Amino acid sequence: MATAKKSSAPAEKAALYEKLVATNPKIERKGATHPYTSLNGNMFSYLHPSGLMALRLPEDQREKFLKKYKTKLFEAYGVVQKEYVTVPDALLAKTEELKKYFEISYRYAETLKAKPARKKS
């Protein structure tokens, strides 16, 4: 398991996010202050500094999730992120229930075209 990293999100939310990421040993939590997960250069989940979690889902699952959990597409810095849903706080606290959608998100990321790695300057 990865060592805990200091997140800019509230500690309780960061701990719940870490617990979720740990449900799949193939997934590494990235980001020193802004926790996220990515595969082949495509981000598929992240924890916003506000403590809200964004989860990238394929269209069919996205619509079902939005209706079931009465939530909305994720919005950050005034921009609606069309492929990301806002995970309700109550669901973030239910790792077993959320794990299903985290896996769907991971599988969706596997289907996306790989992005070339950016050079660090």
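I will try to describe carefully the structure that is included in this document. (Residues numbered from 1 in each chain as written. Predicted model: local features only at pLDDT ≥ 70, side-chain atom pairs only at ≥ 80, totals over all residues. Heavy atoms only, no water.)

Now for the environment of T37. Among the secondary structure elements, T37 is positioned in strand β1 (residues 36–39). Judged by its relative accessible area of 0%, T37 falls in the buried class. Considered as a pair, T37 and L55 are 18 residues apart in the sequence and their alpha carbons are 9.7 Å apart. With residues up to four places along the chain from it excluded, the contact list for T37 reads Y17, V21, I27, E28, R29, N42, M43, F44, S45 and F102. A polar contact is formed between the side chain of T37 and the side chain of S45, at a distance of 2.5 Å. (Helix = DSSP H or I, 4+ residues; strand = E, 2+ residues; numbered from the N terminus. Buried < 20%, exposed > 50% of the residue type's maximum accessible area, 1.4 Å probe, protein only. Contact = heavy atoms within 4.5 Å. Polar contact = N/O pair within 3.5 Å; in protein donor to acceptor, adjacent residues only side chain to side chain.)

The full count for this structure, using the stated rule, is four salt bridges. Taking the shortest distance from any N to any O, the salt bridge between E83 and R56 comes out at 2.7 Å. Of the two residues, E83 sits in strand β5 (residues 79–87) while R56 sits in strand β3 (residues 53–56), which places them 27 residues apart along the sequence. You can call E83 partly exposed: its relative accessible area is 23%. (Salt bridge = Lys/Arg side-chain N within 4 Å of Asp/Glu carboxyl O.)

Once that is clear, we can look at the environment of I104. Position of I104 among the secondary structure elements: in helix α4 (residues 95–111). The buried category is assigned to I104, whose relative accessible area is 11%. Taking the C-alpha atoms as reference points, I104 and F44, separated by 60 residues in sequence, lie 10.0 Å from one another.

Moving on, we get to unusual backbone geometry. One non-glycine residue, N40, lies in the positive phi region at around 55°. In this fold, N40 is placed in the loop between β1 and β2 (42–47). Assessed through its relative accessible area of 43%, N40 is described here as partly exposed. Positive phi is not limited to glycine here, since Y77 has a value of about 55°. When its relative accessible area of 69% is taken as the criterion, Y77 is described as exposed.

Any link to function would need more than the numbers given here.
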